[in-house]
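# An overview of the molecular structure
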Amino acid sequence: SAGTGHSLGGEALNAGPLLSLYYDNIISVKDVIQAIEKAPNAEFITKRSQSVNYLASKGYIDRRDFIREMVEGKKCNPLASCAVYDAISAGKGDLVSPDVYDEKLAVYRGEGGVGTKFVGDLNGFLAVKVGAFLALVFCLIIDFGFIAKAGIEGFLS
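What you see is a predicted model; the values in this text were computed from it and never measured.

By the definition in use, this model includes five aromatic pairs. Arranged with centres 5.4 Å apart and planes meeting at 45°, the rings of F66 and Y85 form a pair that is tilted. Taken as a pair, F66 in helix α5 (residues 63-73) and Y85 in helix α6 (residues 78-89) lie far apart in primary sequence, 19 residues in all. Comparing F66 with Y85 shows no difference in burial state: the two are buried. Measuring from ring centre to ring centre gives 5.9 Å for F66 and Y101, while their planes differ by 75°; the resulting arrangement is edge-to-face. Taken together, the residues F66 in helix α5 and Y101 in helix α7 (residues 98-110) connect sequence positions 35 residues apart. Site record: aromatic cluster; members linked through ring pairs are Y22, Y23 and F125. The lysine or arginine in question, K74, covers the ring of F44, its NZ or CZ lying 5.5 Å from the ring centre.

Now the structure itself:
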C-alpha cells in the first residue's frame, strides 16, 4: 500500500491544498528526494518489466513496474515513489514514454530534488485528476436532469 513503509521523516512536502486531498498521508520531502535520486533509468525498468501491457513491452514505463523497483529494489518510501511517478506521468495514465521519464527525472535531479518543476508537475497531475472528477460530476448532474425531465413528462402525460 502506498501509505505504508519506512519514512525518513522530516519536513512535509508542501505542494498546495490538492496534495493533502489526494494523498491521505503526509509525504516527507526527504522521502521524495530519496526517490528522485534512486529512481532507475527507463532502460533498467523496461528490462525488468513484469507488465503484460503492449506499450510496456515496447519500452514504456508501467506504474506498477516503477513502484515495484522503487519499493522492493531501491527501498524507497511507497507514497513518495507514487508521488514521483504521478509528477512524471502528469495524470495521463499508468504508462509513461521512456523519453519523458528520463527527461523529467534529469530535471528533478538538476533541481536538487523537490524544486519548482517537481512541485509544478505534481500539481499538474492533481489538477488533471480534479478536473476529471469535476467533469464526471457535471455529466452526472446533466444525466440526472434528463432522467428527472423524462420522469416528469411521463408522469404528466
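With that settled, consider the nonpolar core. Ranked by size, the top nonpolar core spans 34 residues in total, and within it L13, Y23, I27, F66, Y101, F118 and L122 carry the most contacts. When contributions to this core are tallied by element, the ones reaching two or more residues are α2 (29-38), α3 (42-47), α5, α6, α7 and α8 (116-156). Looking at which element gives the most residues to this core, the answer is α6, with eight residues. Excluding residues that lie within four positions of it along the chain, L122 makes contacts with L13, A15, L19, Y23, A83, D86 and A87.

Let us now look at the environment of E111. Summarising the element assignment, E111 is placed in the loop between α7 and α8. Residue E111 is classed as partly exposed on the basis of its relative accessible area of 31%. Those residues in contact with E111 that sit more than four places away from it in its chain are T116, K117 and F118. Here the side chain of E111 touches F118 through a polar contact of 3.4 Å, landing on its backbone nitrogen.

Here we take up α5. Taken together, the buried positions of α5 are R63, D65, F66, I67, R68, E69 and M70. The inward-facing, buried residues of α5 abut α2, α3, β1 (61-62), α6 and α7. Between the side-chain oxygen at the start of α5 and the backbone nitrogen of R64 there is a gap of 2.7 Å, and the oxygen is on D62. Looking one or two residues beyond α5, the residue adopting positive phi is K75, at roughly 60°.

Definitions and limits used
- Residues numbered from 1 in each chain as written.
- Predicted model: local features only at pLDDT ≥ 70, side-chain atom pairs only at ≥ 80, totals over all residues.
- Heavy atoms only, no water.
- Phe/Tyr/Trp six-rings, centres within 6.5 Å; stacked < 30°, edge-to-face > 60°.
- Helix = DSSP H or I, 4+ residues; strand = E, 2+ residues; numbered from the N terminus.
- Buried < 20%, exposed > 50% of the residue type's maximum accessible area, 1.4 Å probe, protein only.
- Lys NZ or Arg CZ within 6 Å of the ring centre and 35° of its normal.
- Core = buried A, V, L, I, M, F, W, Y, C linked by side-chain atoms within 4.5 Å.
- Contact = heavy atoms within 4.5 Å.
- Polar contact = N/O pair within 3.5 Å; in protein donor to acceptor, adjacent residues only side chain to side chain.

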